[in-house]
Amino acid sequence: MTFKPSNLKIALQKSGRLADKSLELLTQIGLDFDRSKDCLFAQCRNFPLDILFLRDDDIPEYVQDGVCDLGIVGKNMIMERKAAIKPLLPLGFGVCRLAIAVPEKSEINAINDLEGKKIASSFPVCTQEYLRQKNIGAEMIQIRGSVEVAPSLGLSDAIADLVSTGNTLKQSGLRELTTILESEAMLIQSQGMLPQEKQSVIDRLLLRIQSTLDARNSKYILMNAPTSALQAIKSIIPSLSSPTVMPLATDGMIAVHSVIQEEIFFDVIERLKALGASGILVLNIEKMIR
Ligand code: PRT
Ligand code: ZN
């Protein structure tokens, strides 16, 4: 298999925490490609896109240097590499935060207590930038992997590491002191001007990704309700446009269809039931084009 110069190139993590979700997203937007396990390259059969599989650390530079036109990588890695790229879309997965943590019994209780202390991290650039902004002088110890054991080995007084559930910190006897930055996977583009044909392929990809992300956050809801409750129902369903309302064979009853946002879902359902809605059906939406 060889690269086609006219194809767009996107860099994805080869294996790790972002790998499966990145591939899942490309599949959800209808791209068809084979991925053999150790292969570093795949070509889409039905879209002018080539996929390169890389370590996440390398993705920001590959995109910055224009070796790849697009990439999917954590915001933390973009910041750490100080990569000059164009952020296109936050993708809603790989959500985590870069946080400073100290041993449970440490006397460090506020960020100012970090003055003169040693902090171990795989993200020294972000950590140092944060400390500089807070006017704190601390010594950075750069280590790769298993950062959480650094204090118990006597290597550092604190760590700065990625946290999602917080379980690793707890299991390592550490407590969080402060958050340096919030992160999630981002779709990024190189900053250079692309030929018009390539840019319009990116625009097509963006439309597909945006409609998939919008659909993920939304549910289609159908219910029966008393006609008298329609005004109240309308006021609590902040739908795409006005809800679809149809009469039912039973007098005084209507069917209402609408779209609601996932995050307000349970709140809305409870309020609809209180208004007399029944037979409520909630469906996943596959794609949503605005
Ligand atoms: O081999 P390669 O270099 O590509 O991968 P990697 O091993 O360097 O990175 P990987 O796959 O671990 O993480 C890739 C990206 O996933 C990160 O840069 C973040 O953007 C994102 N991400 C999201 C996370 C986490 N959540 C996360 N929890 N990356 C790492 N962790 C680790 C963290 O370092 C700690 O060890 O998980 C542990 C904490 O998790 P909780 O759930 O116990 O808090
Ligand atoms: Zn990495």
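Criteria and cut-off values
Residues numbered from 1 in each chain as written. Chains lettered and ligands numbered in written order. Predicted model: local features only at pLDDT ≥ 70, side-chain atom pairs only at ≥ 80, totals over all residues. Heavy atoms only, no water. Helix = DSSP H or I, 4+ residues; strand = E, 2+ residues; numbered from the N terminus. Rg over C-alpha atoms; globule rule 2.2 N^0.38 Å. Buried < 20%, exposed > 50% of the residue type's maximum accessible area, 1.4 Å probe, protein only. Areas by Shrake-Rupley, 256 points an atom, 1.4 Å probe, with all protein chains shown as cover. Donors = N, O, S within 2.8 Å, 3.2 Å for Na, K, Ca; no water. Tetrahedral: all angles 85-135°; square planar, octahedral: opposite > 155°, others 65-115°. Core = buried A, V, L, I, M, F, W, Y, C linked by side-chain atoms within 4.5 Å. Contact = heavy atoms within 4.5 Å. Phe/Tyr/Trp six-rings, centres within 6.5 Å; stacked < 30°, edge-to-face > 60°. Lys NZ or Arg CZ within 6 Å of the ring centre and 35° of its normal. Patch = residues over 30% accessible without salt bridge, like charges linked within 9 Å, V, L, I, M, F, W, Y side chains within 5 Å. Salt bridge = Lys/Arg side-chain N within 4 Å of Asp/Glu carboxyl O. Pairing = 2+ DSSP bridges. Axes fitted to C-alpha atoms, helices over the stretch in contact; angles between N-to-C directions.

Peer 1: Where do I start with the overall build of the protein in this structure?
Peer 2: When its secondary structure is counted, the protein shows eight helices and 15 strands. For 290 residues, the compact-globule estimate of 2.2 N^0.38 gives 19 Å, and the protein exceeds it by more than 25% at 24 Å. Judged by the C-alpha coordinates and their principal axes, the protein covers about 75 × 55 × 35 Å. The buried share of the protein, taken over its 290 residues, is 45%. Total accessible area computed for the protein in this model is approximately 15,400 Å², and 51% of it derives from carbon and sulfur atoms.

Peer 1: Honestly, the coordination of the zinc ion (ligand 2) in this entry has me stumped. Any pointers?
Peer 2: The textbook angles at a metal center are 109.5 degrees for a tetrahedron of four donors and 90 or 180 degrees for an octahedron of six. Here the zinc ion (ligand 2) is held by Asp56 (OD) and Asp57 (OD), and the distances to it run 1.9 to 2.1 Å. Taken together, the four donor atoms coordinating the zinc ion (ligand 2) span angles of 77 to 169° at the metal, a pattern that classifies the geometry as irregular. A relative accessible area of 19% means that Asp56 is categorised as buried. Look at Asp57 and you get buried, because its relative accessible area is 14%.

Peer 1: Is there a simple way to explain the nonpolar core in this structure?
Peer 2: It is characteristic of soluble globular proteins that their nonpolar side chains tend to be buried jointly. With 30 residues, the main nonpolar core has Ile78, Ile100, Leu114, Ile119, Leu131, Ile180 and Ile188 as its most contacted residues. Within the residue set of this core, elements represented by two or more residues are strand 3 (49–54), helix 2 (59–64), helix 3 (75–80), strand 6 (96–103), helix 4 (124–133), strand 9 (158–163), strand 10 (174–183) and strand 11 (185–190). If we skip the residues at most four places from it in the chain, Ile100 touches Leu114, Tyr130, Leu131, Ala158, Ile159, Ala160, Arg175, Glu176, Leu177, Thr178 and Ile180. Within the second largest apolar cluster, 29 residues are counted, among which are Leu23, Ile29, Leu89 and Ile202.

Peer 1: It is not clear to me how the packing of aromatic side chains should be interpreted in this structure. Could you clarify?
Peer 2: Centre distance and the angle of the planes are the two values used to describe a pair of aromatic rings. Taken as a whole and judged by the stated rule, the model has one aromatic pair. Residue placement shows Arg35 over the ring face of Phe53; its charged tip is 3.7 Å from the ring centre.

Peer 1: I tried to follow unusual backbone geometry on my own but got confused; where do I start?
Peer 2: Generally, phi is negative for residues other than glycine and the peptide bonds are trans, each holding for most cases. Of note in the backbone geometry, Lys82 takes a positive phi value of approximately 50° without being a glycine. With respect to the element layout, Lys82 can be found in the loop between helix 3 and strand 5 (85–90). One non-glycine residue, Asn135, lies in the positive phi region at around 60°. Residue placement: Asn135 occurs in the loop between helix 4 and strand 8 (139–142). For Asn135, a relative accessible area of 69% translates into the label exposed.

Peer 1: Sorry if this is basic, but what is going on with a nonpolar patch on the surface here?
Peer 2: A surface patch of nonpolar side chains, about 260 Å² in accessible area, is lined by Val149, Leu153 and Leu155. By the secondary structure assignment, Leu155 is in the loop between strand 8 and strand 9. What makes Leu155 partly exposed here is its relative accessible area of 39%.

Peer 1: How do you make sense of the sheet that holds strand 15 (residues 278–284) when you look at a structure like this?
Peer 2: Strands pair in a sheet through their backbones, by hydrogen bonds, and they do so in one of two ways: parallel or antiparallel. Strand order in the open sheet formed by four strands is 13-14-12-15, and the pairing between neighbours is antiparallel. Where the open sheet ends on each side, the last strands, each with one partner, are strand 13 (244–247) and strand 15. On average, adjacent strands in this sheet sit at an angle of 15° to one another, irrespective of strand direction. Of the strand pairs in this sheet, strand 12 (residues 218–226) and strand 14 (residues 253–261) are connected by nine bridges, and their pairing is antiparallel. Across the sheet, the residue bridging to Asn224 is Ala255, located in strand 14. Sitting on the sheet, helix 8 (residues 265–274) touches strand 12, strand 14 and strand 15, and the angle it makes with strand 15 is about 160°.

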